[in-house]
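Observations on the three-dimensional arrangement
Chain by chain, the residues:
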Amino acid sequence: LTDNSGGRGLYIDSNGAILIRNKYGLLASGNGAEGIYAQNLFASTPADVKLYKVQANKNEGISGLYIFASRNIYGSDLSAVENNGYGAYLFATNAITLASSSTFKENGENGLYMEAVYGDINASNVVSSDNTKRGIYAEAENGKIILKNATANFNGHTGVYLYAPKNTVYVD
């Protein structure tokens, strides 16, 4: 999709749902800012952000994937490698779900950062290794965290940091 733009590779500011997918994979690489920035926080009716087969590699901004949802975030087959900042920074007012397999490696901050205000975080089949700071950071302010089949090796700080101050954390 986008390669070597001076700013963000793909920028979406929506008042509704956002769907980013490509059956062959969507790539945002080598951009001067975020690879993919998508947000619908100010939607008149809360809406989801869905990402399928998305790669954001070697971007110079705050994050390879920088996603803010007024409701839920669903992700599948995500990859964020060698970004200057976070591999993926995901913020949802409700819940975050990562399914299938996702990889976050060799990023300048945390490989995968997830924050859900009111809902749960459910992530499975995640590899987050060789990042400068944490491999996986998950904060569910009012919900629970479920982490299944995750690998977080050789990160500069904590491999996996899970924070659910009002609920339960499950690691399998």
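For clarity, every value in this text was computed on a predicted model and none was experimentally measured.

**Some points on the sheet that holds strand β15 (residues 160–163)**
Remark on secondary structure: sheet strands pair via backbone hydrogen bonds, oriented parallel or antiparallel. Read across the sheet, seven strands follow the order β2-β4-β6-β8-β11-β13-β15 without closing on themselves; strand pairing throughout is parallel. Whereas interior strands pair on both sides, the edge strands pair on one side only; in this sheet they are β2 (10–13) and β15. Across the sheet, the axes of successive neighbouring strands diverge by a mean angle of 5°, strand direction being ignored. Examined bridge by bridge, strand β11 (residues 112–116) and strand β13 (residues 136–140) share five bridges and lie parallel to one another. The residue of β13 that forms the bridge with Tyr 113 is Tyr 137.

**Considerations on the pattern of salt bridges**
In total, this model carries five salt bridges according to the counting rule given. As a salt-bridge pair, Lys 58 and Glu 82 come within 3.9 Å of each other at their nearest N and O atoms. Of this pair, Lys 58 sits in the loop between β5 (49–57) and β6 (63–69) while Glu 82 sits in the loop between β7 (73–81) and β8 (86–92); the two residues are 24 residues apart in sequence, bridging distant segments of the chain. Its relative accessible area of 46% is what places Lys 58 among the partly exposed residues. Residue classification places Glu 82 among the partly exposed positions, given a relative accessible area of 37%. As a salt-bridge pair, Glu 109 and Lys 133 come within 3.2 Å of each other at their nearest N and O atoms. Of this pair, Glu 109 sits in the loop between β10 (102–105) and β11 while Lys 133 sits in the loop between β12 (121–129) and β13; the two residues are 24 residues apart in sequence, bridging distant segments of the chain.

Thresholds, definitions, all that
- Residues numbered from 1 in each chain as written.
- Predicted model: local features only at pLDDT ≥ 70, side-chain atom pairs only at ≥ 80, totals over all residues.
- Heavy atoms only, no water.
- Pairing = 2+ DSSP bridges.
- Helix = DSSP H or I, 4+ residues; strand = E, 2+ residues; numbered from the N terminus.
- Axes fitted to C-alpha atoms, helices over the stretch in contact; angles between N-to-C directions.
- Salt bridge = Lys/Arg side-chain N within 4 Å of Asp/Glu carboxyl O.
- Buried < 20%, exposed > 50% of the residue type's maximum accessible area, 1.4 Å probe, protein only.

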